[in-house]
Amino acid sequence: MICIAGLTGLITGYFLNVLIHRLPRGELAVKAGNRCRKCGHKLKTIDLIPVFSYIFLKGRCRYCAKKIPLTYPLVEVLTAASFVLVYIKWGITVNTLVGLIFTSLLIVSSFTDIQEGIIPDHLTYPGIIAGFILSFFTIGFKEASGGAFLLMSIYLAAALISGGGMGGGDIKLAGAIGTFTGPTGALMVFILSSIAGGTWALYLIASGRAGCKTPVKFGPFMSLAAWIVWMYGSEILKLYQHMWM
Ligand SMILES: [Zn+2]
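Thoughts on the coordination of the zinc ion
For a metal with four donors in a tetrahedral arrangement, the ideal angle between donors is 109.5 degrees, while six donors in an octahedron ideally sit at 90 or 180 degrees.
Thought 1: Within the first shell, the zinc ion binds the protein through Cys 36 (SG), Cys 39 (SG), Cys 61 (SG) and Cys 64 (SG), at distances of 2.3 Å.
Thought 2: Each of the 4 donor atoms around the zinc ion contributes to a set of angles spanning 102 to 122 degrees, which defines the coordination as tetrahedral.
Thought 3: Among the residues examined, Cys 39 registers a relative accessible area of 37% and is labelled partly exposed.

Written as structure tokens, this is what we have:
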């Protein structure tokens, strides 16, 4: 079963790459055939196998020899690894299904943010709707509403205080995440992502790669924190209570 989870992850990762490339450009329709992004040559099925094609082609297009972005195999491996972890944690339950959908949402928003600097509405709105629908099978509608409201409010306040350091996409993503985590989880996401994002910003400033005014892409940190909280939130909470009580 673990192999099936990994394989499902690799194949899903392939489709997430397509979404990561197309959603920021507003290309929703699936066009016939896949082409090299550099030379436009039509690619064969053998060139599209997750991870293996990248290794086999040594990271270069078969036709124009230009480099294939490393993010392609990275997204595939990351999706496969997280699918395996979700399955190990939740087994064959409705939580696993919800976890796989949530993981996919987080991976796509992280990489559109890293590559294009945006988290598209075509991703966050369906994410919010999916979160509310799925909440009926997990944490319940009330918790989902509370989580979405709380996390959106926090990031809206952060956006107002920072004067544009945080984008609208981040706030909508926060809403989607809140529907999956509920209010307690939302608070944990805020704390964890602030620690991770803050550490990264300090590192960039200390190494001279950014100034104090450079906006930090916050989507990946929020997504990573959300995934950790969704997976291990109750364990973290128990550990924290154990430490203080
Ligand atoms: Zn090419």
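There's more to say after this.
Some thoughts on the packing of helix α6 (residues 141-162) against helix α7 (residues 168-206)
Thought 1: The geometry of α6 relative to α7 is characterised by a closest axis approach of 6 Å and an angle of 80 degrees between their N-to-C directions. Classified by the interaxial angle, the pair formed by α6 and α7 is roughly perpendicular.
Thought 2: Class assignment for the residues of the contact of α6 with α7 results in 17 nonpolar, 7 polar and 2 charged.

Description of unusual backbone geometry
Thought 1: Its identity is not glycine, yet Val 51 carries a phi of approximately 60 degrees, on the positive side.
Thought 2: Along the polypeptide, Val 51 turns up in the loop between α1 (2-22) and α2 (52-56).
Thought 3: Note on Val 51: relative accessible area 15%, which makes it buried.
Thought 4: Unlike most non-glycine residues, Ala 65 shows phi in positive territory, near 65 degrees.
Thought 5: Mapped onto the secondary structure, Ala 65 falls in the loop between α2 and α3 (71-90).

A closer look at the side chain of Asn 17
Thought 1: By the secondary structure assignment, Asn 17 is in helix α1.
Thought 2: A polar contact of 3.0 Å, which involves the side chain of Asn 17, links it to the backbone oxygen of Tyr 72.

Some thoughts on the domain arrangement of the chain
Thought 1: Its domain assignment divides the chain into domain 1 (1-91) and domain 2 (93-245).
Thought 2: Facing 21 residues of domain 1, the contacting portion of domain 2 comprises 22 residues.
Thought 3: The junction of domain 1 with domain 2 conceals about 2,000 Å² of combined surface from both sides, 75% of it contributed by carbon and sulfur atoms.
Thought 4: Contact with domain 2 buries surface across domain 1, with Ile 20, Val 86 and Trp 90 losing the most and accounting together for 30% of the total.
Thought 5: The interface formed by domain 1 and domain 2 contains 2 salt bridges.
Thought 6: For Glu 116, the salt bridge goes to Arg 25, with nearest N and O atoms at 3.4 Å.
Thought 7: Where domain 1 packs against domain 2, one counts 7 residue pairs in polar contact (both at pLDDT 80 or more).

Side note on the packing of aromatic side chains
Thought 1: All told, the structure shown has 11 aromatic pairs when counted by the stated rule.
Thought 2: Clustering of aromatic rings is evident, with ring pairs tying together Trp 90, Phe 102, Phe 180 and Trp 230.
Thought 3: A cation over a ring is seen here: Lys 89 above Trp 90, with NZ or CZ 5.1 Å from the ring centre.

Some thoughts on a nonpolar patch on the surface
Thought 1: On the surface, a cluster of nonpolar side chains totalling about 640 Å² of accessible area is made up of Val 94, Ile 129, Ile 133, Phe 136, Phe 137 and Phe 141.
Thought 2: Position of Val 94 relative to the elements: it lies in helix α4 (residues 94-116).
Thought 3: Residue class for Val 94 comes out partly exposed when judged on its relative accessible area of 37%.

Some remarks on the packing of α7 against helix α8 (residues 219-244)
Thought 1: Where α7 contacts α8, the two axes come as close as 7 Å, and the packing angle between them is 105 degrees. The orientation of α7 relative to α8 falls into the category roughly perpendicular.
Thought 2: The class makeup of the residues in the contact of α7 with α8 is 18 nonpolar, 8 polar and 1 charged.

Looking at the nonpolar core
Thought 1: Counting 38 residues, the largest nonpolar core has Phe 102, Leu 151, Tyr 155, Ile 177, Phe 180, Val 189 and Met 222 as its most contacted members.
Thought 2: Top contributing element to this core by residue count: α7, with 9 residues.
Thought 3: A domain split of this core shows at least three residues from each of domain 1 (1-91) and domain 2 (93-245).
Thought 4: Apart from the residues within four sequence positions on either side, Phe 180 is in contact with Val 98, Phe 102, Leu 105, Gly 127, Ala 130, Gly 131, Leu 134, Ile 139 and Trp 230.

Here's the deal with the pattern of salt bridges
Thought 1: Enumeration over the complete set of coordinates arrives at 4 salt bridges.
Thought 2: Between Arg 62 and Asp 47 there is a salt bridge whose closest N-O contact spans 2.6 Å. Of this pair, Arg 62 sits in the loop between α2 and α3 while Asp 47 sits in the loop between α1 and α2, and the two are 15 residues apart along the sequence.
Thought 3: By relative accessible area, Arg 62 is classed as partly exposed at 38%.
Thought 4: Given the relative accessible area of 11%, Asp 47 is considered buried.
Thought 5: The salt bridge involving Lys 89 is made with Glu 235; its shortest N-O contact spans 2.4 Å. In this pair, Lys 89 sits in helix α3 while Glu 235 sits in helix α8, placing the two residues 146 residues apart along the sequence.

What counts and what doesn't
Residues numbered from 1 in each chain as written. Predicted model: local features only at pLDDT ≥ 70, side-chain atom pairs only at ≥ 80, totals over all residues. Heavy atoms only, no water. Donors = N, O, S within 2.8 Å, 3.2 Å for Na, K, Ca; no water. Tetrahedral: all angles 85-135°; square planar, octahedral: opposite > 155°, others 65-115°. Buried < 20%, exposed > 50% of the residue type's maximum accessible area, 1.4 Å probe, protein only. Axes fitted to C-alpha atoms, helices over the stretch in contact; angles between N-to-C directions. Helix = DSSP H or I, 4+ residues; strand = E, 2+ residues; numbered from the N terminus. Parallel < 35°, antiparallel > 145°, perpendicular 65-115°, else oblique. Nonpolar A, V, L, I, M, F, W, Y, C, P; charged D, E, K, R; others polar. Polar contact = N/O pair within 3.5 Å; in protein donor to acceptor, adjacent residues only side chain to side chain. Domains from an automatic or database assignment. Contact = heavy atoms within 4.5 Å. Buried area = accessible area lost by both parts, 1.4 Å probe. Salt bridge = Lys/Arg side-chain N within 4 Å of Asp/Glu carboxyl O. Phe/Tyr/Trp six-rings, centres within 6.5 Å; stacked < 30°, edge-to-face > 60°. Lys NZ or Arg CZ within 6 Å of the ring centre and 35° of its normal. Patch = residues over 30% accessible without salt bridge, like charges linked within 9 Å, V, L, I, M, F, W, Y side chains within 5 Å. Areas by Shrake-Rupley, 256 points an atom, 1.4 Å probe, with all protein chains shown as cover. Core = buried A, V, L, I, M, F, W, Y, C linked by side-chain atoms within 4.5 Å.

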